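Survey of secondary and tertiary structure
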Amino acid sequence: AQRVTQPEKLLSVFKGAPVELKCNYSYSGSPELFWYVQYSRQRLQLLLRHISRESIKGFTADLNKGETSFHLKKPFAQEEDSAMYYCALGVTDKLIFGTGTRLQVFP
Amino acid sequence: EAGVTQFPSHSVIEKGQTVTLRCDPISGHDNLYWYRRVMGKEIKFLLHFVKESKQDESGMPNNRFLAERTGGTYSTLKVQPAELEDSGVYFCASSQLFSGTASYEQYFGPGTRLTVT
């Protein structure tokens, strides 16, 4: 079955601390994985995709096929990173989302 | 450039009533998607239009839900009759008509919060 699991509902850190938001997936084919983010009072928007191997707003995510994971990382969290983060798997043009992790960054 | 717009932003209806949600995609985006987030659960795919054709409606919960996209522009999602479990936030998203990874760069609307009492 195609599934995305985000085990943490809430992750709280202090400003400057490292952040890792966990994402595991289940998919028999070659996965296409994404992180979407929803800031307070804003729309859900694409943060980054695994295929481009880019760093956006200091965040990176590496696809680990052996562990079927696509964790989102940032070495030094900022208060403006506080948001809801969704890991998503692309399958035949649709997105399969995890339940999301709320990241709270305290000053 | 205007983003994806959805109307209404919030709808409260009684069980058994009918509600129609509207989505206007970004101009030029041939892909249009409907998703739903029920409280405490993940955002789930409902269906996908390519222009005016339904490409995939595997996520539609049952035949009380009817989606249309006449002329390949805006789309409507009608729930008739509404049930309590239909409550949630309904998102519309659009993307350009590319194959592969590019189609997953979807632009989301603000959502319609539907409350069925």
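Residues numbered from 1 in each chain as written. Chains lettered and ligands numbered in written order. Predicted model: local features only at pLDDT ≥ 70, side-chain atom pairs only at ≥ 80, totals over all residues. Heavy atoms only, no water.

Attention now goes to the pairing of strand 9 (residues 83-91) of chain A. All names here are of chain A. Most of strand 9 sits out of view: 9 of its 9 residues are buried. Across the two faces of strand 9 the burial is the same, with Ala-83, Tyr-85, Cys-87, Leu-89 and Val-91 and Met-84, Tyr-86, Ala-88 and Gly-90 all buried. Pairing of strand 5 (residues 33-38) with strand 9 involves 6 bridges; the strand directions are antiparallel. Bridge pairing links Val-37 to Tyr-85 in strand 9. Two strands pair when backbone bridges link them, and strand 9 and strand 11 (residues 101-106) are joined in this way by 3 bridges, in the antiparallel orientation. Across the sheet, Tyr-85 pairs through a bridge with Thr-101, a residue of strand 11. In this structure, strand 9 lies alongside strand 10 (residues 94-97), joined through 4 bridges in antiparallel fashion. (Buried < 20%, exposed > 50% of the residue type's maximum accessible area, 1.4 Å probe, protein only. Helix = DSSP H or I, 4+ residues; strand = E, 2+ residues; numbered from the N terminus. Pairing = 2+ DSSP bridges.)

Attention now moves to the state of the cysteines. Inspection of every chain in the model, using the stated rule, returns 2 disulfides over all chains. Paired through a disulfide, A:Cys23 and A:Cys87 show a sulfur-sulfur distance of 2.0 Å. Here A:Cys23 and A:Cys87 share a disulfide; its torsion about the S-S bond, -65°, makes the bridge left-handed. Of the two residues, A:Cys23 sits in the loop between strand 3 (19-21) and strand 4 (24-26) while A:Cys87 sits in strand 9, which places them 64 residues apart along the sequence. Here A:Cys23 matches A:Cys87 in class, with each residue buried. Linked covalently through their sulfurs, B:Cys23 and B:Cys92 form a disulfide whose S-S length is 1.8 Å. Its S-S torsion of about -60° marks the bond between B:Cys23 and B:Cys92 as left-handed, since a negative value means left-handed. Pair noted here: B:Cys23 is in strand 3 (residues 19-24) and B:Cys92 is in strand 9 (residues 88-95), with a separation of 69 residues, a long-range link. There is no split in this pair, since B:Cys23 and B:Cys92 are both buried. (Disulfide = S-S within 2.5 Å.)

Moving on: the packing of aromatic side chains. Counted according to the given criterion, the structure contains 13 aromatic pairs over all chains. Through pairs of rings, three or more aromatic residues link up here, namely A:Tyr36, A:Tyr86, A:Phe97, B:Tyr33, B:Tyr35, B:Phe45, B:Phe91 and B:Phe108. Sitting over the face of the ring of B:Phe45, A:Lys94 holds its NZ or CZ atom 5.3 Å from the ring centroid. Across the ring face of B:Tyr74, the terminal group of B:Arg22 is positioned such that the distance to the ring centre comes to 3.7 Å. (Phe/Tyr/Trp six-rings, centres within 6.5 Å; stacked < 30°, edge-to-face > 60°. Lys NZ or Arg CZ within 6 Å of the ring centre and 35° of its normal.)

Any functional reading would require information beyond the geometric quantities listed.
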